[in-house]
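Next come the chains, spelled out residue by residue.
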Amino acid sequence: MLMEDTFTTSIWSMRSKDKITVFLIFTLWNFQFSYKVFAQKSVKFHDSASPYYKGEELYRQKVYASAYMLLDEWIKNNLTNFPEFSDAHFYKAASAFHLGHMNAFELLRNFSVRWPEHPYKNRADLMAGEIMFRSGKFKQVINLLQDIDFNQLTSEEVESLNFMVGYSYFQIKQYDRAIHHLDMVVTSNGTRSTDARY
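Parameters at a glance
- Residues numbered from 1 in each chain as written.
- Predicted model: local features only at pLDDT ≥ 70, side-chain atom pairs only at ≥ 80, totals over all residues.
- Heavy atoms only, no water.
- Helix = DSSP H or I, 4+ residues; strand = E, 2+ residues; numbered from the N terminus.
- Buried < 20%, exposed > 50% of the residue type's maximum accessible area, 1.4 Å probe, protein only.
- Contact = heavy atoms within 4.5 Å.
- Areas by Shrake-Rupley, 256 points an atom, 1.4 Å probe, with all protein chains shown as cover.
- pLDDT = per-residue confidence, 0-100.
- Arc of directions from axis to C-beta.
- Core = buried A, V, L, I, M, F, W, Y, C linked by side-chain atoms within 4.5 Å.
- Phe/Tyr/Trp six-rings, centres within 6.5 Å; stacked < 30°, edge-to-face > 60°.
- Axes fitted to C-alpha atoms, helices over the stretch in contact; angles between N-to-C directions.
- Parallel < 35°, antiparallel > 145°, perpendicular 65-115°, else oblique.
- Left-handed = near helix turned anticlockwise from the far one by under 90°.
- Nonpolar A, V, L, I, M, F, W, Y, C, P; charged D, E, K, R; others polar.

Caption draft 1: Structural view of the overall build of the protein. Secondary structure assignment for the protein yields 11 helices and zero strands. Shown N-terminal to C-terminal, the secondary structure of the protein runs as helices and strands in the order α-α-α-α-α-α-α-α-α-α-α. Burial analysis of the protein (198 residues in total) assigns 36% to the buried set. Long-range contacts, defined as pairs at least 24 residues apart, comprise 49% of the intrachain contacts of the protein with a sequence gap of at least 6. A total of about 13400 Å² of accessible surface is found on the protein, and carbon and sulfur atoms cover 59% of it.

In structure tokens:
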């Protein structure tokens, strides 16, 4: 009780100029603390790239329709200076591919042309090649897939690429080239190795 009385007495015994100084210091300290807390919240909840990250996560979870819609909206509302902008175009195009959208081929090719050095370019070309393969456009498959860098693909993607190119060569009666690619599929012992023996 004695300490409390001493504190109260010491504050009231100060000159009014000193009281104002203490009040200002206390107020500024409080303001600084509350400003930092507010600023942290605003960054977290108002980040303009967060819809992109949600769309990317939906794509990875194979929720392609939601990913497509979210990424399409984010792309329309953002400038190209975001580092995520090119990735958003890839995930949107890849979602269209998985959904079987009619514009998937166009989106994939536009991505590859616009960002020729992007790490996902080869995957976009592989997906576009698969669309052409399903359509029976075998010469276009060969033209599209012959320059893909195998080092940036998974083993399943390499197997798929070799199967599509080999089968396409077979369909246009270039059997030597067909055998080369189909043999690589057979020796991979992957999911398409049985089909390649045909």
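Caption draft 2: Examining the confidence of the model for the protein more closely. Confidence in the prediction of the protein, expressed as mean pLDDT, is 82, and 70% of residues score 70 or more. Residue range residues 33–46 is modelled with pLDDT below 50. Its contacts to residues more than four positions away, or to other chains, number one contact.

Caption draft 3: Spotlight on helix H3 (residues 50–60). Restricting attention to buried positions, one finds in H3 the residues Tyr52, Gly55, Glu56, Leu58 and Tyr59. An end-on view of H3 places all buried positions within 160° of arc, on one side of the element. Looking one or two places after H3, you find Lys62, whose phi comes out positive at around 65°.

Caption draft 4: Spatial organisation of the nonpolar core. Of all hydrophobic cores here, the largest spans 28 residues; its most connected members are Tyr59, Trp74, Phe90, Tyr91, Leu108 and Met127. At the level of secondary structure, the elements contributing two or more residues to this core comprise H3, helix H4 (64–77), helix H5 (85–99), helix H6 (104–114) and helix H7 (121–134). Counting residues per element, this core draws most heavily on H5, at eight residues. With residues up to four places along the chain from it excluded, the contact list for Tyr59 reads Tyr64, Ala67, Tyr91, Ala94, Ser95, His98 and Met127. Within the second largest apolar cluster, 18 residues are counted, among which are Ile142, Val158, Phe163 and Met164.

Caption draft 5: A look at unusual backbone geometry. In the Ramachandran plot, Lys62 falls in the positive-phi region, its phi being about 65° despite a non-glycine side chain. Relative to the assigned elements, Lys62 resides in the loop between H3 and H4. In this model, Lys173 sits at a positive phi of 65°, which is unusual for a non-glycine residue. Checked against the element boundaries, Lys173 lands in the loop between helix H9 (155–171) and helix H10 (175–188). Take Lys173: its relative accessible area is 60%, and that puts it in the exposed class.

Caption draft 6: Molecular detail of the packing of aromatic side chains. Within the structure shown, the criterion is met by 17 aromatic pairs. Look at Phe90 and Phe111: their rings are 5.6 Å apart centre to centre, the planes differ by 55°, and that puts the pair in the tilted class. Taken as a pair, Phe90 in helix H5 and Phe111 in helix H6 lie far apart in primary sequence, 21 residues in all. Phe111 sits in the buried class, given a relative accessible area of 2%. Each member of the aromatic cluster is reached from another via a ring pair, and the members are Tyr52, Tyr53, Tyr59, Tyr64, Trp74, Phe85, Phe90, Tyr91, Phe111, Trp115 and Tyr120.

Caption draft 7: Region of interest: the packing of H5 against H7. Where H5 meets H7, the axes come as close as 11 Å, and the angle between the chain directions of the two elements is 25°. Judged by the inter-axis angle, H5 sits roughly parallel to H7. Once H5 is placed against H7, the crossing between them reads as left-handed. Contacts between H5 and H7 involve Phe90, Ala94, Phe97 and His98 from the former and Arg123, Ala124, Met127, Glu130, Ile131 and Arg134 from the latter. Looking at the contact of H5 with H7 residue by residue, the classes come out as six nonpolar, one polar and three charged.

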